[in-house]
Amino acid sequence: MGDLLRFELGPRRGLRRGTSATSWYAEGRAHEATDPARAIGAYERAIAGRPDFADAYNNLGRVLHELHDRGEAAAPLALAETHYRIALCLDPDVALYWFNLGVSVEDQGRTAEAIAAYERALALDPHLADAHFNLARLLELVGRSSADELVLRRAVRHLVRYRDLARVG
């Protein structure tokens, strides 16, 4: 028994760190276009490492939303919406999160919620051209269906603003 206690293992090894949440996030971004499943996994690991990582929730929602739009995912749009809403709970002052939420609820047929989300996005960032375009389109639909001239004028104002921003960009 004495020989078992006299073996040499060498010096103690230091602690090892796991992959950081920001590294998983970067991996997700790197694979969004080429391997969405890998991107989803990376974003989920980033969130597991840092549950307050709003950008990871937003990007995970966007990847799921895009897969749904291409018919490649069985995940309902409500799952993408959930991730956008969590991102907004963590940081409600990011216009892009509100814009993505607007697209999601619009795709689910909830026009009034989409209008409100686009308006909030524009309140935070008046230069978000796509939000002006989407809002103009929805306001036109609502204005035409209700024959509301004021709503149609709002639609025109947002369309003009979109065109101005698109020219600059």
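Quick note: structure is the one above.
Here is a short report on the structure shown in this document. Throughout, residues of each chain are indexed from 1 in the direction in which the sequence is written. Given that this is a predicted model, residues contribute local features only at a pLDDT of at least 70 and side-chain atom pairs are listed and counted only at 80 or more, while totals for whole chains, interfaces and linings are drawn from all residues. Just so you know, side-chain values use all the structure's heavy atoms and leave hydrogens and water out.

Our focus in this paragraph is the overall build of the chain. Strands here are runs of E lasting at least two residues and helices are runs of H or I lasting at least four, both read from the DSSP assignment and numbered beginning at the N terminus. Secondary structure summary: the chain contains eight helices and zero strands in total. Sequence-ordered secondary structure for the chain, helices as α and strands as β, is α-α-α-α-α-α-α-α. Sorting the 169 residues of the chain into buried and exposed places 37% on the buried side. Residues are treated as being in contact if the distance between any of their heavy atoms lies within 4.5 Å. The contacts in the chain between residues at least 6 apart in sequence include a share of 48% that link residues at least 24 apart. To be clear on the numbers: accessible area is Shrake-Rupley with a 1.4 Å probe, and residue cover counts the displayed protein chains and nothing else. Summed over its atoms, the accessible surface of the chain is roughly 10,600 Å², and 54% of this surface lies on carbon and sulfur atoms. For each residue, the accessible area found with a 1.4 Å probe, counting protein chains only, is set against the maximum for its type, and the residue is called buried under 20%, exposed over 50%, and partly exposed in between.

Turning our attention to unusual backbone geometry. Within the chain, A147 stands out as a residue other than glycine whose phi angle is a positive 55°. Along the chain, A147 turns up in the loop between helix 7 (129–146) and helix 8 (149–168).

Expected helix span is given by 1.5 Å per residue-to-residue step, counting one fewer step than there are residues. Helix length check: helix 4 (residues 77–90) (14 residues) gives 20 Å between terminal C-alpha atoms against 20 Å at 1.5 Å per residue, within 8%. Along helix 4, the positions that sit buried rather than exposed are L77, A80, E81, H83, Y84, A87 and L88. The buried residues of helix 4 occupy one face: seen down the axis, they fall within an arc of 160°. As used here, the arc belongs to the directions running from the helix axis to the C-beta atoms.

Our focus in this paragraph is the packing of helix 3 (residues 54–69) against helix 4. Two elements in contact, helix 3 and helix 4, have axes separated by 8 Å at closest approach and are oriented at 160°. Between helix 3 and helix 4, the angle falls in the class roughly antiparallel. Here helix 3 runs over helix 4; the crossing is left-handed. Residues A54, Y57, N58, L60, G61, R62, L64, H65 and H68 of helix 3 lie in contact with helix 4, whose contacting residues are L77, L79, A80, H83, Y84, I86, A87 and L90. Note on residue categories: nonpolar means Ala, Val, Leu, Ile, Met, Phe, Trp, Tyr, Cys or Pro, charged means Asp, Glu, Lys or Arg, and polar means any other residue, Gly included. Class assignment for the residues of the contact of helix 3 with helix 4 results in eleven nonpolar, five polar and one charged. Between N-to-C directions, angles span 0 to 180 degrees; the directions come from axes that are lines fitted to C-alpha atoms, helices contributing only their stretch in contact. Orientation labels follow simple angle bins: below 35 degrees gives roughly parallel, above 145 gives roughly antiparallel, 65 to 115 gives roughly perpendicular, and whatever is left gives oblique. Each crossing gets its handedness from the near helix: less than a right angle anticlockwise from the far helix is left-handed, clockwise is right-handed.

Our focus in this paragraph is the pattern of salt bridges. Pairs may arise between side chains of opposite charge once their charged atoms sit close together. By salt bridge we mean one thing: a side-chain nitrogen of Lys or Arg within 4 Å of a carboxyl oxygen of Asp or Glu. Evaluation of the coordinates by the stated rule reveals 14 salt bridges. Here R38 and E27 are joined by a salt bridge, their closest N and O atoms 3.1 Å apart. On the criterion of sequence distance, the pair formed by R38 in helix 2 (residues 36–49) and E27 in helix 1 (residues 21–31) is long-range, its members being eleven residues apart. A salt bridge links R120 to D93, with the nearest nitrogen and oxygen atoms 3.7 Å apart. Here the residue R120 occupies a position in helix 6 (residues 111–124), and D93 occupies one in the loop between helix 4 and helix 5 (95–107), the gap between them amounting to 27 residues.

Their axes nearest at 10 Å, the elements helix 5 and helix 7 cross at an angle of 30°. What the angle tells us is that helix 5 and helix 7 run roughly parallel. The crossing of helix 5 and helix 7 is left-handed. Of the residues in helix 7, those touching helix 5 at F99, V103 and E106 are D130, A131, N134, R137 and L138. For the contact of helix 5 with helix 7, the per-class residue count stands at four nonpolar, one polar and three charged.

The subject of this paragraph is the side chain of N58. Within the secondary structure layout, N58 lies in helix 3. In this structure N58 touches H83, Y84, A87, L96, Y97 and N100, once residues within four positions along its chain are discounted.

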